[in-house]
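# Topology and contacts: notes
Chain residues, written in single-letter form:
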Amino acid sequence: MPLVVAAVLGLTLVPTLQPRVGAQLPDAPDQRYAGLQWRFVRIKYHYLTEGTRFQQQEYYGEPWYIDAPAAEQNLSRRVKTATAIQVEDPIVLSLDDPRLFTYPWIYFVEPGNLKMLDTDVATLREFLLRGGTATFDDFHGPIEWDNFAREMKRVFPDRPIVEVTKDHPVFSCFYKIDSYPQVAGLGSFLAGRSWEKGGFIAHLRTILDDTGRPMVFINWNTDMGDGWEWSNVEEYPGYIKYTAMAYRMAINEIVYSLTH
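Residues numbered from 1 in each chain as written. Predicted model: local features only at pLDDT ≥ 70, side-chain atom pairs only at ≥ 80, totals over all residues. Heavy atoms only, no water.

Put simply, helix α2 (residues 70-82) and helix α7 (residues 240-259) touch, their axes get as near as 11 Å, and they point 70° apart. Classed by the angle they form, the pair α2 and α7 counts as roughly perpendicular. The segment α2 lies against α7, with N74, L75, R77, R78, V79 and A82 engaging Y247, A250, I251 and I254. Within the contact of α2 with α7, the residues separate by chemical class into seven nonpolar, one polar and two charged. (Axes fitted to C-alpha atoms, helices over the stretch in contact; angles between N-to-C directions. Helix = DSSP H or I, 4+ residues; strand = E, 2+ residues; numbered from the N terminus. Parallel < 35°, antiparallel > 145°, perpendicular 65-115°, else oblique. Contact = heavy atoms within 4.5 Å. Nonpolar A, V, L, I, M, F, W, Y, C, P; charged D, E, K, R; others polar.)

With that settled, the discussion passes to the pairing of strand β1 (residues 37-44). Of all eight residues in β1, six are buried; the element is thus mostly enclosed. As paired elements, β1 and strand β2 (residues 86-94) share seven bridges and run parallel to each other. Across the sheet, residue Q37 finds its bridge partner in β2, namely Q86. (Buried < 20%, exposed > 50% of the residue type's maximum accessible area, 1.4 Å probe, protein only. Pairing = 2+ DSSP bridges.)

By the element assignment, G132 lies in the loop between α3 (118-129) and β4 (133-139). Here G132 falls in the buried class, since its relative accessible area comes to 0%. Between the C-alpha atoms of G132 and F101, which are 31 residues apart in sequence, the distance is 8.0 Å.

With that settled, consider the environment of G225. Relative to the helices and strands, G225 is located in helix α6 (residues 224-229). Every residue in contact with G225, bar those within four places of it in the chain, is listed here: D67, A71, Y107 and D137.

Within the largest apolar cluster, 40 residues are counted, with the highest numbers of intra-cluster contacts made by W38, L75 and W228. Only β1, α2, β3 (105-109), α6 and α7 provide two or more residues apiece to this core. Ranked by residues supplied to this core, first place goes to α7 with 10 residues. Those residues in contact with W228 that sit more than four places away from it in its chain are F40, A70, A71, N74, L75, Y107, D137, A246, Y247 and A250. Within the second largest apolar cluster, 32 residues are counted, among which are I106, V121, L128 and I218. (Core = buried A, V, L, I, M, F, W, Y, C linked by side-chain atoms within 4.5 Å.)

Here we come to α3. Across its 12 residues, α3 extends 17 Å between first and last C-alpha, which sits within 8% of the 16 Å expected from 1.5 Å per residue. When α3 is considered as a whole, its buried residues turn out to be D120, V121, T123, L124, F127 and L128. Packed against the buried residues of α3 are β3, β4, α4 (141-155) and β7 (216-220). Two residues or fewer after α3 comes G131, characterised by a positive phi angle close to 120°. (Expected span 1.5 Å × (residues − 1).)

Shape is all these values report; function is a separate question.
Structure, rendered in structure tokens:
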């Protein structure tokens, strides 16, 4: 069944971690989007090294689960405290889960490793064309980009990936954001830089449907997930600026997705 308006307004999250940095919390939730509902839906996907002897070397686990569960718990708490959006508990789904089409927003982390089955390709295409939005986050440099772009070409052979321009409403639909942020992963931050793997410049890119709606938000050369995951860690006070960037950009992408 298609994604309907009720589903688009039907997702949420309950925070499980209490913030230690009071400056992250607003005085009162912003009421502009009261009535909307949202849930963080993390996608469990097939990936390049799945089932190989190299599987554990870099990730110490599966790449689709990077930053979990703290990232979704913290972002969920932030959406709930900064806005009047009703937030439900985060969940993990695979693309073949029949519940997928009841949620309008889904999240892929480290999609430079993505390797979809043909059935996954067809499902993702249908999900996006029905009105869903996918956010792809935390991948860097030309090698990871090339693999991701090949997978998206399988989903939409005739639709290009395009840059989201600075005057697009996603930069002003909740917070006013002057430029797309490069959020440093914690490792990069500790190394004194904001980039990794040769991904020096952060980009927000998308694929448009026939009406001009962004079906995906592609966060390339930036690590929003680390910004959410490490937002409660007192040991790195200098990292708070990246946390603020990650929360604001994510909330804008979420609000835009729920209202378009």
